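Structure assessment
Residues per chain, in single letters:
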Amino acid sequence: MRQPWLYSRFADSLFILAPAFAITLLVELLPEAWLEHQKIDAWAWLLLVVGVDVAHVYSTLWRTYFDPDAVRRYRSLLIGIPVGCWLGGVLLYSAGPLVFWRVLAYIAVWHFIRQQYGFLRLYSRREPVTAWRYLDAAAIYLATLYPLVYWHAHGRSFQWFVKGDFVDAALPELAVFWLWALVLTAYFVKELLSFRQWNLPKNLVMLGTALSWYCGIVRHDGDLAFTATNVVAHGVPYMALVWIHQRRQKPASEAHSAFLQRWFRPSLLPVYAGVLIALAYFEEGIWDALVWRDHSMFYAWLAWVPRVEEKALLAVLVPLLALPQATHYVLDGFIWKVREMRAS
């Protein structure tokens with residue numbers, strides 16, 4: 001069959017499909033002593049958290065607030081969602097910092113899961129609609145949900161945002177494991193039996209998701225392994241998807257045409273990525289100066305800023321600083337449509 005690439009075989013393979021495999025292989029090759037650390041090295045934090053995780057959050061800007069056509073189409077969402085997220089965040093933080101971080105963590109987890117399902121749908125868009133689609137959906141969801149069930153049932157030495165943000169729960173991990181194994185086996189058997197209609201990118205999404213989530217959460221119990229597999233396999237493909245979508249967009253107006261032609265040329269990829277990294281670096285600097293104070297070595301220029309410790313002020317400030325993430329998680333559920341990603 002003709003493979004359903006979103007942009008091209010090379011670009012899709014390098015930026016969307018390969019990251020999950022590459023980072024999983026890298027983690028498996030690292031010395032075990034590195035993988036057991038409960039906190040990642042400062043330079044690894046700068047590369048992975050700032051350079052990929054936080055940066056990918058800001059790629060949504062190119063798809064929404066920076067895009068004249070998106071502003072016209074989604075004006076009410078682009079105004080209402082940030083306001084709602086901030087007000088909701090203030091209420092949650094007022095009920096307790098852990099309440100806020102716990103809710104945000106589970107929203108983030110759902111966002112990460114849905115991205116993998118979204119990529120599966122994008123690469124399945126040319127396949128006939130049959131009952132097998134339910135098996136595909138069950139397989140991609142279990143590829144992500146089983147490691148999370150394992151995490152809840154056994155506990156891990158790392159956390160999503162802050163210590164204790166995942167609840168301790170006696171979940172039926174063994175039963176979910178056998179369901180995970182059965183469904184994934186059934187999926188790959190089904191795909192092998194239909195080899196003449198082999199959908200390469202869809203199957204690579206499935207395999208990469210299963211490997212990276214299992215490796216980062218179940219196989220290893222260290223912050224480096226989790227952070228690396230978590231953010232690289234999620235953040236790099238997301239940034240690539242935004243660029244591909246904007247690159248392939250048909251302009252809706254002269255302003256939109258000028259925007260696409262100006263920013264989404266291959267020669268300006270460093271500018272695209274550079275803007276994201278600069279915004280991420282600045283955001284994390286504000287976090288470090290006002291709240292965390294754990295990576296001040298990278299933010300000497302903000303040493304004069306006083307740390308905020310007053311609880312009432314933090315209840316307003318923390319949800320405000322987390323607004324880019326919260327808006328990204330919620331808004332992402334509205335802006336992506338399979339029909340908008342049709343490939344030629």
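As shown above, the structure is provided for reference.
All of the points below concern the structure found in this document. (Residues numbered from 1 in each chain as written. Predicted model: local features only at pLDDT ≥ 70, side-chain atom pairs only at ≥ 80, totals over all residues. Heavy atoms only, no water.)

A few points about the overall build of the chain
Test applied: A run of H or I in DSSP becomes a helix once it reaches four residues, and a run of E becomes a strand once it reaches two; helices and strands are each numbered from the N terminus. Each radius of gyration is computed over the set of C-alpha atoms, and the globule rule expresses the reference value as 2.2 Å times the number of residues to the power 0.38. Relative accessible area decides the class of each residue, using a 1.4 Å probe on protein chains only: under 20% of the type maximum gives buried, over 50% gives exposed, and in between gives partly exposed. We call two residues contacting when some pair of their heavy atoms lies within 4.5 Å. Working definition of accessibility: Shrake-Rupley area with a 1.4 Å probe, residue cover restricted to the visible protein chains. Only four residue types enter the charge count, namely Lys and Arg as positive and Asp and Glu as negative; His and the chain termini do not. By convention, charge coordinates are those of NZ in Lys, CZ in Arg, CG in Asp, or CD in Glu.
Of the regular secondary structure elements, the chain holds 14 helices and 0 strands. Shown N-terminal to C-terminal, the secondary structure of the chain runs as helices and strands in the order α-α-α-α-α-α-α-α-α-α-α-α-α-α. For 344 residues, the compact-globule estimate of 2.2 N^0.38 gives 20 Å, and the chain sits close to it at 21 Å. Counting only C-alpha atoms, the chain reaches 65 × 55 × 35 Å along its principal axes. Per-residue burial over the chain gives 53% buried out of 344 residues. Counting contacts in the chain only where the partners sit at least 6 residues apart, residues at least 24 apart contribute 77% of the total. In the form shown here, the chain has an accessible surface area of approximately 16700 Å², with 67% of it arising from carbon and sulfur atoms. A gap of 13 Å separates the mean positions of the 30 positive and 25 negative side-chain charges of the chain.

A look at helix H11 (residues 254–263)
Owing to its 3.6 residues per turn, the α-helix brings residues three or four apart onto one side. Cut-off, in case you're wondering: Here the arc refers to the directions that run from the helix axis out to each C-beta atom. Polar contact is the term for a pair of N or O atoms within 3.5 Å; when the atoms are in protein, one must be able to donate a hydrogen and the other to accept it, and sequence-neighboring residues count only if both atoms are side-chain atoms.
Considered for burial, the residues of H11 that qualify are His256, Ser257, Phe259 and Leu260. Down the axis, H11 shows its buried residues gathered within 160° of arc, on one side only. Facing away from the buried surface of H11 by more than 90 degrees, the exposed residues are Glu254 and Gln261. Close packing links the buried residues of H11 with helix H3 (42–63), helix H4 (68–73) and helix H10 (223–248). Capping the start of H11, Ser253 holds a side-chain oxygen 3.1 Å from the backbone nitrogen of His256, two or three residues further along.

Digging into the side chain of Arg125
To keep it simple, the criterion reads: Salt bridge, as applied in this entry: a Lys or Arg side-chain nitrogen positioned within 4 Å of an Asp or Glu carboxyl oxygen.
Along the chain, the position of Arg125 falls in the loop between helix H6 (97–123) and helix H7 (132–154). Notably, Arg125 is buried but unbridged: the nearest opposite-charge side chain belongs to Asp12, and the N-O separation is 6.7 Å. Of the polar contacts made by the side chain of Arg125, one reaches the backbone oxygen of Pro4; its length is 3.1 Å.

Some remarks on the packing of aromatic side chains
In plain terms, the rule: The aromatic pairing rule takes the rings of Phe, Tyr and Trp, using the six-membered ring of Trp, and pairs them if the centres are within 6.5 Å, calling planes under 30 degrees apart stacked, those over 60 edge-to-face and the rest tilted.
Evaluated as defined, the whole model comprises 38 aromatic pairs. An angle of 80° between the planes, with centres 5.1 Å apart, marks the rings of Phe100 and Trp101 as edge-to-face. Grouping residues by exposure puts Phe100 and Trp101 together as buried. Aromatic pair Phe259 and Phe264: ring centres 5.6 Å apart, planes at 65°, arrangement edge-to-face. Judged by relative accessible area, which is 1%, Phe264 ranks as buried.

A look at a nonpolar patch on the surface
This is how the line gets drawn: For patch building, the residue pool is restricted to those with more than 30% relative accessible area and no salt bridge; the joining distance is 9 Å between like charges and 5 Å between nonpolar side chains (Val, Leu, Ile, Met, Phe, Trp, Tyr).
On the surface, a nonpolar cluster with roughly 330 Å² of combined accessible area is contributed by Val99, Val103, Ile107, Val330 and Phe334. Elements that contribute at least two residues to the nonpolar patch include exactly H6 and helix H14 (323–335). Per element, the largest residue contribution to the nonpolar patch is 3 residues, and it comes from H6. Within the secondary structure, Val99 is located in helix H6. Classification of Val99 as partly exposed rests on a relative accessible area of 34%.

As for the pattern of salt bridges
According to the stated counting rule, one finds 9 salt bridges in the structure shown. Among the salt bridges present, the one from Asp69 reaches Arg73, with a minimum N-O distance of 3.7 Å. With Asp69 and Arg73 both in helix H4 and 4 residues apart, the pair spans about one turn of that helix. What makes Arg73 partly exposed here is its relative accessible area of 40%. Taking the shortest distance from any N to any O, the salt bridge between Lys190 and Asp136 comes out at 2.6 Å. Residue Lys190 is found in helix H8 (residues 173–193), and its partner Asp136 is found in helix H7; the two are separated by 54 residues along the sequence. Of the two residues, Lys190 and Asp136, neither departs from the other in class, the shared state being buried. Connected through shared salt-bridge partners, Glu127, Asp136, Lys190, Glu191 and Lys202 make up one network.

Examining unusual backbone geometry
Glycine aside, the phi torsion of most residues is negative, and most peptide linkages are trans. At Arg293, a residue that is not glycine, the phi angle is positive and equals roughly 55°. Summarising the element assignment, Arg293 is placed in the loop between helix H12 (269–292) and helix H13 (311–321). By relative accessible area, Arg293 is classed as partly exposed at 34%.

With respect to the side chain of His328
You can see His328 is positioned in helix H14. For His328, the side chain forms a polar contact with the side chain of Thr60, separated by 2.6 Å. Leaving out residues up to four positions away in the same chain, His328 has contacts with His56, Val57, Thr60, His111 and Tyr238.

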